[in-house]
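Breakdown of the fold
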Amino acid sequence: RGGMLAAVLLLLTAAGPGPGPVPVRAGRDALREELLLSPLPDGDVAATFQFRTRWDADLQRGAVSHYRLFPKALGQLVAALGVRELHLALTQGFWRTRVWGQPPLQAPAGAELWVWFQPTVTDVDKAWEELSNILSGIFCASLNFIDSTNTVTPTASFKPLGLANGTDHHLLRYAVLPREVVCTENLTPWKKLLPCGSKAGLAVLLKAERLFHSSYHSQAVHIRPICRDASCLAVSWELRQTLTVVFDTFSSGQGKKGKLGSSALWSLSVHSTSLSLPLTLLPTDWSLFKMFSRTLTDACPLASQSKVYVDISPKNKEKELLEVTPPPASVHEAIVQGDKRTYAVYDLLSPSLFNTSRSLNVQLKWKRPQDSSDLPTPILHAQRYVSGYGLQTGEISTLIYNTHPYRAFPVVLLETVPWYLRLYVHTLTIITKGKENKPSYIHYQPAQDRRRPHLLEMLIQLPANSVTKITIQFERALLKWTEYTPDPNHGFYVSSSVLSALVPSVIAMKDVDVDVEQSSLFTSLFPSSDGSSYFVRLYTEPLLVNLPTPDFSMPYNVICLTCTVVAVCYGSFYNLLTRTFHVEEPSRGGLAKRLANIIRKFRGVPPL
Amino acid sequence: MPVAWLEKTMWTLGLEVHRQPFSRTLPFPDELRERYMVKGTNVYGILRAPRAASTEALVLSVPCSEGPHNNQAVGLMLALASYFRGQIYWAKDIIFLVNEHDLLGMEAWLEAYHDVNLTGEAGARREGCPWPFPGRAGGADAVPAEIRSSGTLGRAGAIQAAISLELSSDVVTSFDVAVEGLNGQLPNLDLLNLFHAFCQKNGLLCTIQGKLPRSDWDSLPAFAHSLQTLLLMVLAQASGQPRGDHGLFLRYRIEAITLRGINSFRQYKYDMTTRLHQSYFFYLLPSLSRFVSIGVYMPAFGFLILVLILKISFLGGGGGARGVSKPSPLLSLDGPHALDLWMKLSKSETGSAERLWDSDHAGGEARPLPVPSLSPPRGPPRSHQPHPPRFPQESRPGLLVLVPPLVICHAAGLALYYLPVLGQHVATQHFPVSESEAVVLTVIAIYVAGMALPHNTHR
């Protein structure tokens, strides 16, 4: 470690910005970067980047003027608006928990923003509005569409992740924009917040054309106060920038598994038994170059830690599934989400890594084919859909699965529904295993038309090995004609509902007391309460609901146009008919005459 | 249906595979196949669109039953799935569905997907479906009375459009498109236009109602041809039964058509970025390239109703034969007035409106109370009178008059509800007819009996 530190210091002094020594005492800051490559159960590969900037300065106290690694835009924002915690996620796609397993960090499709404000903030709504507008500018996202109609104040689902005393939920604001489309214009400002930009370190892999050539893309910014040290006497601020992409094995061009010729299928007869298809599947091999069309050449010079983790945990306790080249220098074992995982670690700051070759191109080779049957189902997953048909009523159904064989656990469900779906709360039914399941806590805030959405929060106990079905009926409101979005026939989005749960882990987590500063980043965002369970936050699918829509097409336009024309013509014609014309006496003379008349009036002489 | 094979194949293609077992009790045994309880399995694979949140989907469905009836379509669908899986530009999930037992399987799948139960409640069997629900030729000739599908399904959001493929030979010479859905519902005309444009561009022979559009459209035989096509369509709509598996989608506001013998409709269909809406949902098709819009054929019905209206106003004029002008009856069509008018309509030949009420009261009854003082001397017909003071006096006989039609209506309704089932039992016991035939025969019998009923119920 000493050698590594020396290397860091060497690098820092060699590539530090600007001349002169860095003022260490006036707020020590440190950057750690990390890339986690994890093969997903169905053969896809997820890559999670985390960049963590930690600053030993108190932003709230003001008087911070010199920014080094921490981005100034965000730091000033935190100071000016009294933000205690800020979590912003921009996501394109949907994390399919059922086939991909629990994500390290999940986010709902679209844009999600939740913020805890300081207790000193008097007008939280105003600060929230201001904040969303500023963030909208920083990240080039439509966060300015966050207003009171999609903002809620959850009471139980979102707790502060960082240092907090007192959780008065009136200081919390939460909003999701499910329609937000995330693309490169959101990625570029996100990359600019990194100390090294995308010039060096892991960030060189962040090439937009590859990142958006994926099945799932989620980028997030988390700002929170943390303890400076174990004694927790002072506050440090932490900025985490995370980015998760899932690369599809199919769409990468090389079909993964024995590719079926379409001509063969065209003529195939379903009932013929002689046909044999290649049914053993060997997913494509992966490498950093194949995924990102880049390789790693160095660490970010400003980073104090720069590591690449590859999940090589064996499945089913059998022999390893994956072969990783080059052979890792060390292997890290951790308990992540209730499961023991093995990671191959590449430390970009260790000088031996780039000795043999100039660049690091981690490759994954599948050793043996996968079966369709042994996809592990995650302990907690959910599904949500709209049932019913027609344009008057409908029903939102949520299915929550607990596949744990013997442990029951509670889950907090947060449902935010726009006001134009009028929920009938008396129709709320929660059914588990054929019996009604009474939630132990319900917080319902009814919607107000054009003002605020429905908020429904429930604490539901999920019995072991069960499916819980939650249904609630709604009626579709008829909007005013100016309230329809462009292309209203496409439908209106209902944002994802949020499931927060402490899921009992299969194996006990012993190493809870590991120093956070030393452990890998992907394990340390959510606080784990004790060794027997771990925190999971899941998001369901957003919904697309059709509302009764007037025909905005040609007949509608024709009607509007005809009415206008008729109104105009009729108005003028009527005016013409009913107006009486009479000749007006032309007023002769100007000011002089009027003056003369006034004088004559005084004199008692008839006017001119 | 080779369920396991299909599942394996779809999984190999990289789809998310689900199966849906269902069973359905038919109210009438299907004599063609000798089955009473139908069990089947639908298999479907979902192609998840990258970077989309599963909010919307398209369906490509292929009916597949025992026997080599639709094998080519299944092969085509799998080939399309394999090709589609490699593309990255999808914005909607695509569901590849292989449904067993034609309409029964499709209905089971749709109900399970939308989590509704339309065709029967658990426990209580609903006996009388408004009309029989026969499958296509060779399909299940049955009313779906009970459906049980198990398991929770993989879903992909709101279905935007659907295409049902039917392909039963290796060589395809022309493509027929079927649009008529359940109860005569039609898909959006744009979908059909799309199909037509596709056929035109690729120079394919496309037919509707099995009829090729003629090139010389302005000759007399061509008009006859078009008329024939149009009438075939009207007939198919009037029958109320879907002409393909797509017909069941329309209830859920999913635009759908059935293609018989088509090989690549894809690039047009999936370029669809918006839900089809700016077009006609009500139309008649004399040929594939021409349509009769609702704006053209509705005025005819309007004129039919106009006759009634004219008749009413004319009657009113006749009633007011004493040369008094009076408000238009259309403006006061409410409550007893409307009833009056209705009575007048049936009594139009019996003279003035003043005698209407008298004659409507039972003949043996005493003369009604004299017209109250409210009736002005010039005596406009009561039907156009402001009525409140008059109403209490005449309400007794007026309400009595109402009783027979009400009773008859209810009796007819009850008879219509119960007679088919009863008649079916009686008929199968005493006559050598099958159960499903018995229903039709009973309905015909009721209809004939209804025609035989006296139309003038009074006097």
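All figures in this text were calculated on a predicted structure; none of them were measured in a lab. Here the residue index of a chain counts from 1 through its sequence in written order. Going through the entries in the order they are written, you letter the chains from A and number the ligands from 1. Selection of residues for local features in this predicted model requires a pLDDT of at least 70, selection of side-chain atom pairs for listing and counting requires 80 or more, and totals for whole chains, interfaces and linings are taken over all residues. Heavy atoms from the whole structure form the basis of all side-chain values; hydrogens and water molecules are not counted.

A few points about the overall build of chain B
Labels follow the DSSP assignment, with helices taken as runs of H or I lasting at least four residues and strands as runs of E lasting at least two, numbered in each case from the N terminus. Per the secondary structure count, chain B includes 11 helices and 11 strands. Classification of the 459 residues of chain B by burial places 51% in the buried group. Within chain B, counting contacts between residues at least 6 apart in sequence, those at least 24 apart form 76% of the total. A 1.4 Å probe and the Shrake-Rupley method give the accessible areas. Residues count as covered only by the protein chains that appear here. Just so you have it, chain B exposes about 22,000 Å², and 64% of that area is on carbon and sulfur atoms. When accessible area is computed with a 1.4 Å probe and restricted to protein chains, residues below 20% of their type maximum are described as buried, those above 50% as exposed, and intermediate ones as partly exposed. Here, residues are in contact when the closest pair of their heavy atoms is within 4.5 Å.

Comments concerning the side chain of Gln102 of chain A
Residues and elements named next belong to chain A. Here Gln102 lies in the loop between helix H3 (97–100) and strand E4 (110–117). For Gln102, a relative accessible area of 14% puts it in the buried group. In contact with Gln102, not counting residues within four places along its chain, are Trp95, Thr97, Gln337, Pro378, Ile379, Leu380, Val536 and Leu538.

Side note on the sheet that holds strand E24 (residues 498–504) of chain A
All names here are of chain A. On the basis of which strands lie adjacent, the open sheet formed by five strands has the order E20-E21-E17-E24-E25 and antiparallel pairing. The strands lining the two open edges of the sheet, one partner per strand, are strand E20 (441–445) and strand E25 (533–539). Looking at each pair of strands side by side, their axes are set apart by 15° on average, direction ignored. Only strands joined by at least two bridges in the DSSP assignment are considered to pair. Bridge analysis of strand E17 (residues 409–417) against E24 gives four bridges, and the strand direction is antiparallel. The residue bridging Leu414 from the neighbouring strand is Val498, located in E24. Axis angles are defined between N-to-C directions and span 0 to 180 degrees, where every axis is a line fitted to C-alpha atoms and, for a helix, only to the segment in contact.

Quick word on the pattern of salt bridges
Residues and elements named next belong to chain A. Any carboxyl oxygen of Asp or Glu within 4 Å of a side-chain nitrogen of Lys or Arg constitutes a salt bridge here. One pass over the structure, following the stated rule, counts 19 salt bridges over all chains. Residue Lys126 is joined to Glu130 by a salt bridge in which the shortest nitrogen-to-oxygen separation is 4.0 Å. One end of the pair, Lys126, and the other, Glu130, are both in helix H4 (residues 124–139), four residues apart, so they sit about a helical turn from each other. Bridged by salt links that share partners, the residues Arg52, Arg224, Glu238 and Arg240 form one connected network.

As for the sheet that holds strand E8 (residues 235–247) of chain A
Residue and element names in this part refer to chain A. Ordered by their spatial adjacency, 11 strands build an open sheet running E5-E6-E4-E3-E7-E8-E2-E1-E10-E13-E12, and the pairing between neighbours is mixed. For this open sheet the edge positions go to strand E5 (151–152) and strand E12 (330–336), each flanked by a neighbour on one side alone. Of the pairings in the sheet, the one linking strand E2 (residues 45–55) to E8 comprises 11 bridges and is antiparallel in character. Looking at the pairing, Ala47 lines up with Val245 of E8.

Considering a nonpolar patch on the surface
Patches here: salt-bridge-free residues with over 30% relative accessible area, like charges joined within 9 Å, nonpolar side chains (Val, Leu, Ile, Met, Phe, Trp, Tyr) joined within 5 Å. Nonpolar side chains collect at one region of the surface, where Val440, Leu441, Ile444, Tyr447, Val448 and Met451 of chain B lie side by side and expose about 590 Å² of accessible area between them. According to the relative accessible area criterion, Val448 of chain B is partly exposed, its value standing at 45%.

Examining the packing of helix H1 (residues 3–12) of chain B against helix H2 (residues 71–85) of chain B
Residue and element names in this part refer to chain B. Contact geometry for H1 and H2: axes closest at 10 Å, N-to-C directions at 25°. The orientation of H1 with respect to H2, classified from their angle, is roughly parallel. H2 is crossed by H1, and the crossing has right-handed handedness. Contacts between H1 and H2 involve Trp5, Leu6, Thr9 and Met10 on the former and, on the latter, Val74, Met77 and Leu78. Among the residues forming the contact of H1 with H2, the class breakdown is six nonpolar, one polar and no charged. Angle categories: roughly parallel below 35 degrees, roughly antiparallel above 145, roughly perpendicular from 65 to 115, and oblique for all the rest. For any helix crossing, the convention is left-handed if the near helix is rotated counterclockwise from the far helix by under a right angle, and right-handed if that rotation is clockwise. For this classification, the nonpolar set comprises Ala, Val, Leu, Ile, Met, Phe, Trp, Tyr, Cys and Pro, the charged set comprises Asp, Glu, Lys and Arg, and every other residue, Gly included, is treated as polar.

As for the UniProt feature "transmembrane region" (unreviewed entry) in chain B
Cross-referencing UniProt, the feature "transmembrane region" (unreviewed entry) maps to residues 280–310, 399–418 and 438–454 of chain B in the present numbering. Within the segment residues 399–418 of chain B, helix and strand shares are 100% and 0% respectively, and the terminal C-alpha atoms sit 28 Å apart. UniProt positions are given in the numbering used here, feature names are shortened, and annotations may be inferred rather than shown by experiment.

Notes on the domain arrangement of chain A
Residues and elements named next belong to chain A. As assigned here, chain A comprises domain 1 (33–252 + 283–370), domain 2 (380–510) and domain 3 (551–578). Computed over C-alpha atoms only, the centres of domain 1 and domain 2 are separated by 27 Å. There are zero salt bridges connecting domain 1 and domain 2. N or O atoms closer than or at 3.5 Å make up a polar contact, with two conditions inside protein: a donor-capable atom paired with an acceptor-capable one, and, for residues adjacent in sequence, both atoms drawn from side chains. Taken together, domain 1 and domain 2 are joined by nine residue pairs in polar contact (both at pLDDT 80 or more). Of all the secondary-structure elements, those providing two or more residues to the side of domain 1 that touches domain 2 are H3, E5, strand E6 (172–177) and strand E13 (339–347). Of the residues in the side of domain 1 that touches domain 2, the class split is 10 nonpolar, 10 polar and four charged. The domain limits used here are those given by an automatic or database domain assignment.

Here's the deal with the packing of aromatic side chains
In this scheme Phe, Tyr and Trp rings, the latter by its six-membered ring, pair at centre separations within 6.5 Å, and the angle between planes marks the pair as stacked below 30 degrees, edge-to-face above 60, and tilted otherwise. Applying the stated criterion across every chain yields a total of 23 aromatic pairs over all chains. Summarising the aromatic geometry, the rings of Trp95 of chain A and Trp100 of chain A are spaced 5.2 Å apart at their centres and angled 75° between planes, so their arrangement reads as edge-to-face. Across this residue pair, the class does not change: Trp95 of chain A and Trp100 of chain A are buried. A connected cluster of aromatic rings, assembled from ring pairs, spans Phe49, Phe51, Trp190, Phe247 and Phe292 of chain A. Over the face of the ring belonging to Tyr389 of chain A we find Arg251 of chain B, whose NZ or CZ atom lies 5.9 Å from the ring centre. Lysine and arginine charges are scored as sitting over a ring when NZ or CZ, respectively, is within 6 Å of the ring centre and within 35 degrees of the ring normal.

Focus: the state of the cysteines
All names here are of chain A. The disulfide criterion is simple: two cysteine sulfur atoms within 2.5 Å. What the rule picks out here adds up to one disulfide over all chains. Put simply, Cys196 and Cys300 are joined by a disulfide, and their sulfur atoms are 1.7 Å apart. Measuring handedness by torsion sign, the sulfur bridge of Cys196 and Cys300 sits at about 65° and is right-handed. Linking Cys196 in the loop between helix H5 (184–192) and helix H6 (208–211) with Cys300 in the loop between helix H8 (288–292) and strand E10 (303–311), this pair joins segments that are 104 residues apart in sequence. Take Cys196: its relative accessible area is 13%, and that puts it in the buried class. Residue Cys183 stays outside any disulfide, its sulfur separated by 12 Å from that of Cys140, the closest cysteine.

Focus: the environment of Trp95 of chain A
All names here are of chain A. Position of Trp95 relative to the elements: it lies in the loop between strand E3 (83–92) and H3. You can call Trp95 buried: its relative accessible area is 1%. Measuring from C-alpha to C-alpha, the distance between Trp95 and Tyr216 comes to 6.8 Å, with 121 residues separating the pair along the chain. With residues near it in sequence (within four places) discarded, Trp95 still touches Leu40, Ala46, Trp100, Gly101, Gln102, Pro103, Pro104, Gln106, Tyr216, Thr244 and Val246. One polar contact links the side chain of Trp95 to the main-chain carbonyl oxygen of Gly101, over a distance of 2.8 Å.

Some remarks on the packing of helix H2 (residues 72–81) of chain A against H4 of chain A
Axis angle and axis distance: for two packed helices, these are the angle between their axes and the distance between the axes, and together they describe the pair. All names here are of chain A. As a packed pair, H2 and H4 sit with axes 11 Å apart at the nearest point and diverge in direction by 170°. With respect to H4, the axis of H2 lies roughly antiparallel. Residues Ala73, Leu74, Leu77 and Leu81 of H2 lie in contact with H4, whose contacting residues are Ala127, Glu130, Leu131, Ile134, Leu135 and Ile138.

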